[in-house]
Amino acid sequence: IRRMIDFLFENVQSFKKKELKDCVKKSVNMVLKEQKVKKNFYLSVLFIDDNGMRQINSKFRNKNSTTNVLSFPQNETKYLKESISVIILGDIVISLEKILSESKEQKKFFSDHLCHMVVHSVLHLLGFTHQNDLDSKKMIKKEISVLNKLSISSPY
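Bear in mind that the values here come from a model prediction, so they are computed numbers and not experimental data.

So, how was this worked out
- Residues numbered from 1 in each chain as written.
- Predicted model: local features only at pLDDT ≥ 70, side-chain atom pairs only at ≥ 80, totals over all residues.
- Heavy atoms only, no water.
- Pairing = 2+ DSSP bridges.
- Helix = DSSP H or I, 4+ residues; strand = E, 2+ residues; numbered from the N terminus.
- Axes fitted to C-alpha atoms, helices over the stretch in contact; angles between N-to-C directions.
- Contact = heavy atoms within 4.5 Å.
- 1 Å grid on protein atoms, 1.4 Å probe; cavity = no way out; pocket = protein on both sides within 12 Å on 5 of 7 lines; lining within 4 Å.
- Points joined across faces, edges and corners; volume = space filled by probe spheres on them.
- Nonpolar A, V, L, I, M, F, W, Y, C, P; charged D, E, K, R; others polar.
- Parallel < 35°, antiparallel > 145°, perpendicular 65-115°, else oblique.
- Left-handed = near helix turned anticlockwise from the far one by under 90°.

(A) Quick peek at the sheet that holds strand E2 (residues 41-48). Taking strand neighbours across the sheet as the criterion, the four strands line up as E1-E2-E4-E3 in an open arrangement whose pairing is mixed. Strands at the two margins of the open sheet, each flanked by one partner only, are strand E1 (3-9) and strand E3 (69-81). For this sheet, the mean angle separating the axes of adjacent strands, direction not counted, is 15°. Sitting on the sheet, helix H2 (residues 50-61) is in contact with E2, E3 and strand E4 (84-95), with an inclination near 75° to E3.

Following this line, the structure appears as structure tokens:
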């Protein structure tokens, strides 16, 4: 199975890129394993600061505020060659500044909170939502299950 993840970094010089990539890779792989996704996939991850996130949130959601993560699902199958298809899961945008401030406020390890937000985002890319109580409960249950397998305690 080919797992292709593109990483982009904007205005996040103070963060260690290798640690960020490792967290994303292990979180994405665990969600896909848990959801039994056995296909090639492509995903892009953009790490930005609060200002960049505010701009994206404003442009795509008409909200002039920052947030921790945004998910832009695509779920399209593309053919790289005749016999090789890949699912384009979509794009995840992560404000490292916001994740850092939230982890301090909530007294969590930065890496645990980042992994949780990646798990949350990937579940969105796979179609999970939290628009009503039932959907929220299903999504939270999945998050806790994946985080448990990553040795991260439930944030709920």
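More follows now that the structure is in view.
(B) View of the layout of surface pockets. Estimates place the volume of the largest pocket at around 230 Å³. The wall of the largest pocket is formed by Arg-61, Thr-67, Asn-68, Val-69, Leu-70, Ser-71, Phe-72, Met-117, His-120, Ser-121, His-124 and His-130. Only E3 and helix H4 (110-125) provide two or more residues apiece to the lining of the largest pocket. Class assignment of the residues belonging to the lining of the largest pocket gives a composition of four nonpolar, seven polar and one charged. Considered as a void within the structure, the second largest pocket measures approximately 160 Å³ in volume.

(C) Structural view of the packing of helix H3 (residues 96-105) against H4. Across the interface, H3 lies against H4 with an axial gap of 9 Å and an inter-helix angle of 125°. One element, H3, and the other, H4, form an angle in the oblique class. Here the hand of the crossing between H3 and H4 comes out right-handed. In this structure, H3 uses Leu-96, Ile-99, Leu-100, Glu-102 and Ser-103 to contact H4, whose residues at the interface are Phe-110, His-113, Leu-114 and Met-117.

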